[in-house]
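Each chain, written out:
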Amino acid sequence: METVLLVLMGSLGVLFLWGMIAPRSQWRLLISWTYRDPYGGEPTGFAFGLYRVVAALGIVTMIVSGASVYRVEQVRRPDANSPPTPIERMWGAKNPKVVNRVVTPITQVPTGFVDQPILGYQTLDGKRRQPPYLFSLPSLSLKLATTRNGLVGVDPPAGLAALDMAQLVVEVTGDKKCFPHHVVVIESGSTVQIGVYYGQSDPADGSNSLNIDDCDPSGGANAITTLIPIRLSDTLSGRDVQTLDGKAIRKVPVIE
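Every chain's residues receive numbers from 1 upward, in the order its sequence appears when written. Whole-chain, interface and lining totals are the exception, using all residues; otherwise, since this is a predicted model, local features are given only for residues with pLDDT of at least 70 and side-chain atom pairs are given and counted only at 80 or more. Working from all heavy atoms in the structure, the side-chain values ignore hydrogens and water.

For the rest of this paragraph, the subject is a nonpolar patch on the surface. Candidate patch residues must exceed 30% relative accessible area and have no salt bridge, after which like charges are joined if within 9 Å and Val, Leu, Ile, Met, Phe, Trp or Tyr side chains if within 5 Å. Per-residue and other accessible areas were derived by the Shrake-Rupley procedure at a 1.4 Å probe size, with only the shown protein chains allowed to occlude residues. Within this document, salt bridges are pairs made up of a side-chain nitrogen of Lys or Arg and a carboxyl oxygen of Asp or Glu, the two lying within 4 Å of each other. A surface patch of nonpolar side chains, amounting to about 680 Å² of accessible area, comprises Leu8, Met9, Leu12, Leu15, Leu29, Leu30, Ile31 and Tyr35. Each helix corresponds to a stretch of at least 4 residues labelled H or I by DSSP, and each strand to a stretch of at least 2 residues labelled E; elements are numbered beginning at the N terminus. Top element by residues in the nonpolar patch is helix α1 (residues 2–21). It accounts for 4 residues. Summarising the element assignment, Met9 is placed in helix α1. Here the term buried applies to any residue with accessible area under 20% of the maximum for its type, exposed to any over 50%, and partly exposed to those in between, with areas from a 1.4 Å probe on protein chains only. Under the relative-accessibility criterion, Met9 is labelled partly exposed at 31%.

The next point concerns the pairing of strand β4 (residues 168–174). Within a regular strand, side chains alternate between the sheet's two faces. Most of β4 sits inside the fold, with 7 of its 7 residues counted as buried. Two strands pair under a simple rule: DSSP has to find at least two bridges between them. When strand β3 (residues 120–123) meets β4, the two strands line up antiparallel, connected through 4 bridges. Of the residues in β4, the one forming a bridge with Gly120 is Glu171. Direction of pairing for β4 relative to strand β7 (residues 224–230): antiparallel, over a ladder of 7 bridges. Across the sheet, the residue bridging to Val169 is Pro229, located in β7.

Once that is clear, we can look at the nonpolar core. Only buried residues count toward a nonpolar core. Its members are Ala, Val, Leu, Ile, Met, Phe, Trp, Tyr and Cys residues joined through side-chain atoms within 4.5 Å. Counting 25 residues, the largest nonpolar core has Leu168, Val170, Val183, Ile194, Val196, Ile228 and Ile230 as the members making the most contacts within it. Residue assignment for this core shows that the elements contributing at least two residues are β4, β5 (179–187), β6 (191–199) and β7. If we ignore the near neighbours within four places in the chain, the residues touching Val183 are Val103, Pro105, Ile106, Val152, Ile194, Gly195, Val196, Ile228 and Ile230. Counting residues in each nonpolar core, the second largest holds 12 residues, with Met90, Tyr133, Val169 and Leu227 among its members. A contact between two residues is defined here by any heavy atoms of the two lying within 4.5 Å.

We now examine the sheet that holds strand β1 (residues 97–98). In sheet architecture, strand pairing relies on hydrogen bonds along the backbone and comes in two forms, parallel and antiparallel. Across the sheet, which stays open at both edges, the 4 strands sit in the order β1-β7-β4-β3 with mixed pairing between neighbours. Every interior strand has two partners, whereas the edge strands, β1 and β3, have only one.

With the exception of glycine, the majority of residues adopt a negative phi angle, and the majority of peptide bonds are in the trans configuration. Across the junction of Gln130 and Pro131, the peptide omega takes the value -5°, indicating a cis bond. Tracing the chain through its elements places Pro131 in the loop between β3 and β4. With a phi angle near 55°, Arg129 is a residue other than glycine that sits in the positive phi range. Along the polypeptide, Arg129 turns up in the loop between β3 and β4. Phi angles above zero are rare outside glycine, and Ser237 is one such case at about 50°. Mapped onto the elements of the fold, Ser237 is located in the loop between β7 and β8 (240–243).

To continue, consider helix α2 (residues 23–30). Taken as a whole, α2 has its buried residues at Pro23, Gln26 and Trp27. In a view along the axis of α2, the buried residues occupy a sector of 100°, so they form one face of it. Arc definition: directions from the helix axis to the C-beta atoms.

Here Gln200 shows up in the loop between β6 and β7. Polar contact is the term for a pair of N or O atoms within 3.5 Å; when the atoms are in protein, one must be able to donate a hydrogen and the other to accept it, and sequence-neighboring residues count only if both atoms are side-chain atoms. Within the local environment of Gln200, its side chain forms a polar contact with the backbone oxygen of Asp214, the two atoms lying 3.1 Å apart.

Note that Arg250 resides in the segment after β8. Relative accessible area serves as the criterion here: at 41%, Arg250 is assigned to the partly exposed category. In the structure, Arg250 is positioned 80 residues away from Val170 in sequence and 9.7 Å away in space, judged by C-alpha atoms. Beyond its immediate stretch of four places on either side in the chain, Arg250 contacts Met90, Leu119, Gly120, Tyr121 and Glu171. Separated by 3.2 Å, the side chain of Arg250 and the backbone oxygen of Met90 make a polar contact.

Moving on, we come to the pattern of salt bridges. Under the criterion given, the structure shown has 5 salt bridges. We note a salt bridge from Lys177 to Asp175, for which the minimum N-O separation is 2.8 Å. What makes Lys177 partly exposed here is its relative accessible area of 36%. Residue Glu187 is joined to Arg239 by a salt bridge in which the shortest nitrogen-to-oxygen separation is 3.0 Å. With Glu187 in strand β5 and Arg239 in the loop between β7 and β8, this pair connects stretches of sequence that are 52 residues apart.

The next point concerns the state of the cysteines. Note on disulfides: each one is a pair of cysteine sulfur atoms within 2.5 Å. This model, assessed by the stated rule, comprises 1 disulfide. Here Cys178 is linked by a disulfide to Cys215, with a sulfur-sulfur distance of 2.1 Å. Since a negative S-S torsion denotes a left-handed disulfide, the Cys178-Cys215 link at about -100° is left-handed. In this pair, Cys178 sits in the loop between β4 and β5 while Cys215 sits in the loop between β6 and β7, placing the two residues 37 residues apart along the sequence. Looking at Cys215, the relative accessible area reads 9%, which means it is buried.

This is the structure in structure tokens:
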């Protein structure tokens, strides 16, 4: 559509410019052939002067209109040079979604699901709702992600959010057609090891015939960044947060 509009505007611009510079030439090539006597029906010099005025007004109108459209587009378009927001600086995404589900972690690695890379974690105090920005983030909402077809956890009690009952959140960037099914948490006195497992909707018959594990671990072009609240048996208390194979997970600082 934009290409068609540019071609149309360019063609009009050429016609207006031609009419302003050489109206007689334009009349002879575009209009005179419709007259029985092309030369006898030629407009007067005054008429050609009016053609020039009209063409000049057309050019001015196009310039003003084009400038106005450009300004509107610039206002609508995000400034590529604008500094990243605190959320972008923390999580590397403009609009991370919170999985508003109370997760009961398991301790055994599930089969048939994708081990989703964990990109970072942040501690939180659900009872005091700190840091407060987490509680203003939008919740993950996917038509395919429901309790019935495998979405991890359960809905929080009325009036509460899953963050209220968590000690930390972990960040994953998942495939749009998939969502978190399981969270593994293994705690010790010195470490908290976490694994997040994604999949597609559970088939109604309980089989794996719909390839529930067919998920792109990198998230793909339409990746969705989510923050998953994690409940621990106790506060983190200086313990190291790791993946299940013992690799450190990046601690994300709180940026106001």
